[in-house]
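# Tertiary structure, described
For reference, the chains in residue letters:
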Amino acid sequence: MSNSPPLQGVIIPVTPFQQNCSLVWCAATKRAAVVDPGGELDRILAAAEKQGVVIEKVLVTHGHLDHAGAAAELAAQLGIPIEGPQREDAFWIERIAEQGKRYGMDHCRPFTPDRWLEDGDQVTIGAETLSVHHCPGHTPGHVVLHHPASRLAFVGDVLLRGSIGRTDFPRGDHAALIRSITTKLWPLGNDVTFVPGHGPLSTFGQERLANPFVADAVLGG
Ligand SMILES: [Zn+2]
């Protein structure tokens, strides 16, 4: 018996925002997805080559430029589909080029995903299946991807270690964000490790203990 995990990955911090782009692959098939390619495609493609995996799709948690800025370019270059985010983030993706110019990220291009994601959907990476959870608040169309077998979730900018996503952008909603975290993420289990959009990994249980915004003691839960 091998104890090699069925879903494997590496994190590639990209863009001046040091966004945690993830190259994630199915160990059995070596088919991979790039979650949130904000930029620096050369580094993402080099990582795929180094790991010996074939990128089959782009997955996008939300429409902010540091997460989705290079999705169109990567999809076009490899001839692969883009899945996500949820369609309420269309307004962010439409303005991504103009936003990119403001931050010196000239590669940012708008796109229409091949598939918008909805709460309860499933996405595949090779032979592995992840569940989709619509978690509005940071952006209205933000989605979180969860792989139950690995106890692993890709949460974008919904939740960070010791913090939560900003809600001071257009259509940000603090109350909705807290509701997303407590009603969509916590039920996945305290032992679930999450990859946030920025900074180090953590677990939902750790955040329920010590996160100054959403710990159980803070929210009175
Ligand atoms: Zn964001």
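For the structure itself, consult the block above.
This structure is a prediction, so every number in the text was calculated from the model and none was measured.

### Some words on helix α3 (residues 71-78)
- Looking at α3, one finds that the buried residues are A71, A72, L74 and A75. Angular distribution of buried residues about the axis of α3 spans 165°; they occupy a single face of the element.
- Packed against the buried residues of α3 are β3 (31-35), α1 (41-51), β4 (54-59), α2 (65-68) and β5 (82-83).
- Note on α3: the residue one or two positions beyond its end, G79, has a positive phi of about 65°.

### Structural notes on the sheet that holds strand β1 (residues 7-14)
- Across the sheet, which stays open at both edges, the 5 strands sit in the order β1-β2-β3-β4-β5 with mixed pairing between neighbours. Unpaired on one side and paired on the other, β1 and β5 mark the two borders of the sheet.
- Direction of pairing for β3 relative to β4: parallel, over a ladder of 5 bridges. Bridge pairing in β4 places V35 opposite L59.
- Of the strands in this sheet, β1, β2 (19-26), β3 and β4 touch α1, which is tilted by about 150° from β1.
- Together, β3, β4 and β5 form the strand contacts of α3, whose direction differs from that of β4 by roughly 145°.

### Some thoughts on the coordination of the zinc ion
- Ligation of the zinc ion by protein atoms is provided by H62 (NE2), H64 (ND1), H138 (NE2) and D157 (OD), these donors lying 2.2 to 2.3 Å from the ion.
- Around the zinc ion, the 4 donor atoms are arranged such that angles at the metal cover 89 to 166°; this shape is classified as irregular.
- Considered as a linear motif, the donors of the zinc ion on their single chain read H-x1-H-x73-H-x18-D. On the criterion of sequence distance, the pair formed by H64 in the loop between β4 and α2 and H138 in the loop between β7 (128-134) and β8 (143-147) is long-range, its members being 74 residues apart.
- The exposure class assigned to H64 is buried, which follows from its relative accessible area of 7%.

### Notes on the side chain of S202
- Note that S202 resides in strand β13 (residues 202-203).
- Take S202: its relative accessible area is 8%, and that puts it in the buried class.
- Only 2.6 Å separates the side chain of S202 from the side chain of E207, close enough to count as a polar contact.
- The contacts of S202, once residues within four sequence positions are left out, are R161, V192, T193, F194 and E207.

### A word on the packing of aromatic side chains
- All told, the structure shown has 5 aromatic pairs when counted by the stated rule.
- Between F91 and W92 the ring centres are 5.2 Å apart and the planes differ by 35°, which places this aromatic pair in the tilted class. In this structure, F91 and W92 share a single accessibility class: buried.
- Taking the centre distance of 6.0 Å and the plane angle of 90° together, the rings of W92 and F169 count as edge-to-face. Taken together, the residues W92 in helix α4 (residues 90-94) and F169 in the loop between β11 (163-164) and α6 (174-185) connect sequence positions 77 residues apart.
- By relative accessible area, which is 4% here, W92 ends up buried.
- Lying across the ring of W92, R95 places its NZ or CZ 5.3 Å from the centre.

About the cut-offs
Residues numbered from 1 in each chain as written. Predicted model: local features only at pLDDT ≥ 70, side-chain atom pairs only at ≥ 80, totals over all residues. Heavy atoms only, no water. Buried < 20%, exposed > 50% of the residue type's maximum accessible area, 1.4 Å probe, protein only. Helix = DSSP H or I, 4+ residues; strand = E, 2+ residues; numbered from the N terminus. Arc of directions from axis to C-beta. Contact = heavy atoms within 4.5 Å. Pairing = 2+ DSSP bridges. Axes fitted to C-alpha atoms, helices over the stretch in contact; angles between N-to-C directions. Donors = N, O, S within 2.8 Å, 3.2 Å for Na, K, Ca; no water. Tetrahedral: all angles 85-135°; square planar, octahedral: opposite > 155°, others 65-115°. Polar contact = N/O pair within 3.5 Å; in protein donor to acceptor, adjacent residues only side chain to side chain. Phe/Tyr/Trp six-rings, centres within 6.5 Å; stacked < 30°, edge-to-face > 60°. Lys NZ or Arg CZ within 6 Å of the ring centre and 35° of its normal.

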